[in-house]
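Geometric and topological summary
Chain by chain, the residues:
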Amino acid sequence: GMIYESADYHNAVFVGKDKDGVSVHAHKRGSGSESSYKGNVTGSDPKYSFHWTGKSGRLYVFEAPIDLLSFLTLYQKEWEQHSYVALCGLSEQGLFQMLEDVPYIRQVALCLDRDRAGLQAEERIQKNLEGRGYREVFPLFPSGKDWNEDLQELMAKGRRENLQMQ
């Protein structure tokens, strides 16, 4: 119930649920090769964006659900143990709601895009977290622009290596 395909345009829809498990947020991303559509559904509560709550004290923060899922594809080992949130943009509301709902989080990994907006947001969010008493805040940057680009590059490299072996 966290990801589905919309009937109208076949968009991927990433669902955010509140602490009672009620769906209160939806983020759409175009799935067609010619579509780069992405956006939150009107009326969505940005405090409860797409997220996963684990048992460890570490939270990974992403700009977009697709980057969160790409990161999990790249780093699968024991992924369920940690918590993850996609901001569905660069607003901090989803992050701060996670910190309120999951009080045992002590480490925050900012996994934002490696572009001007992502770097500026990383600096702003890190200062805000430190102002709230979080001392274990650190950036994790993708090699390329974002985690989905890193995954695509790895997959393309694998295809090239498979072709060379044939």
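To start, this report covers the structure provided alongside it. (Residues numbered from 1 in each chain as written. Predicted model: local features only at pLDDT ≥ 70, side-chain atom pairs only at ≥ 80, totals over all residues. Heavy atoms only, no water.)

**Some words on the pattern of salt bridges**
Pairs can form between side chains of opposite charge whenever their charged atoms are close. Taken as a whole and judged by the stated rule, the model has 5 salt bridges. For the salt bridge of K145 with D115, the shortest nitrogen-to-oxygen distance reads 3.9 Å. Pair noted here: K145 is in the loop between β9 (136-139) and α4 (147-165) and D115 is in the loop between β8 (107-110) and α3 (116-131), with a separation of 30 residues, a long-range link. A salt bridge links E123 to K127, with the shortest nitrogen-to-oxygen separation between them at 3.5 Å. Of the two residues, E123 and K127 are both situated in helix α3; the distance of 4 residues between them amounts to about one turn of the helix. (Salt bridge = Lys/Arg side-chain N within 4 Å of Asp/Glu carboxyl O. Helix = DSSP H or I, 4+ residues; strand = E, 2+ residues; numbered from the N terminus.)

**As for unusual backbone geometry**
Negative phi characterises most residues that are not glycine, and trans characterises most peptide bonds. Despite not being glycine, E78 shows a phi value in the positive range, around 55 degrees. Checked against the element boundaries, E78 lands in the loop between α1 (65-74) and β7 (83-86). A relative accessible area of 53% means that E78 is categorised as exposed. Of note, the phi angle at C88 is positive, near 55 degrees, even though the residue is not glycine. For C88, the location among the structural elements is in the loop between β7 and α2 (93-101). (Buried < 20%, exposed > 50% of the residue type's maximum accessible area, 1.4 Å probe, protein only.)

**Concerning the packing of α2 against α3**
The interhelical angle for the contact between α2 and α3, taken along N-to-C directions, is 30 degrees, at an axis separation of 12 Å. Classed by the angle they form, the pair α2 and α3 counts as roughly parallel. In this structure, α2 meets α3 at a crossing whose hand is right-handed. From α2, L95, F96 and L99 reach across to α3, where they touch I125, N128 and L129. Of the residues assigned to the contact of α2 with α3, the class counts are 5 nonpolar, 1 polar and no charged. (Axes fitted to C-alpha atoms, helices over the stretch in contact; angles between N-to-C directions. Parallel < 35°, antiparallel > 145°, perpendicular 65-115°, else oblique. Left-handed = near helix turned anticlockwise from the far one by under 90°. Contact = heavy atoms within 4.5 Å. Nonpolar A, V, L, I, M, F, W, Y, C, P; charged D, E, K, R; others polar.)

**Structural notes on the side chain of D67**
Relative to the helices and strands, D67 is located in helix α1. Filtering out sequence-adjacent residues up to four positions away, D67 remains in contact with F62, D113, D146, W147 and N148.

**Points about the sheet that holds β8**
Through backbone hydrogen bonds, the strands of a sheet pair up, either in parallel or in antiparallel fashion. As summarised here, the arrangement of the 5 strands in space is β5-β7-β6-β8-β9, forming an open sheet in which the pairing is mixed. Each having just a single partner strand, β5 (51-52) and β9 make up the two edges of the open sheet. The pairing of β5 with β7 spans 2 bridges and is antiparallel. Bridge pairing links H51 to V85 in β7. Those strands touched by α1 are β6 (58-62) and β7, and its axis lies near 150 degrees from that of β7. Contacts between α2 and the sheet are confined to β5, β6, β7 and β8, with β7 contributing the most and set at about 155 degrees to the helix. (Pairing = 2+ DSSP bridges.)

**A short note on the nonpolar core**
Within the largest apolar cluster, 18 residues are counted, with the highest numbers of intra-cluster contacts made by L59, V61, L95, L99, V108, I125 and L129. The element that contributes the greatest number of residues to this core is α2, accounting for 4 residues. Not counting chain neighbours up to four residues away, the residues in contact with I125 comprise L87, E92, L95, L110 and L112. Core analysis: the second largest hydrophobic core is formed by 12 residues, F50, Y60, L72 and C111 among them. (Core = buried A, V, L, I, M, F, W, Y, C linked by side-chain atoms within 4.5 Å.)

**Topic: the sheet that holds strand β4 (residues 38-40)**
Reading across the sheet, the 4 strands line up as β1-β2-β3-β4 and stay open at both edges, with antiparallel pairing between neighbours. The open sheet terminates on both sides in strands that have one partner only, identified here as β1 (3-5) and β4. Going from strand to strand, the sheet's axes swing by 25 degrees on average, the running direction of each strand aside. Note: strand β3 (residues 23-29) against β4, 3 bridges, orientation antiparallel.

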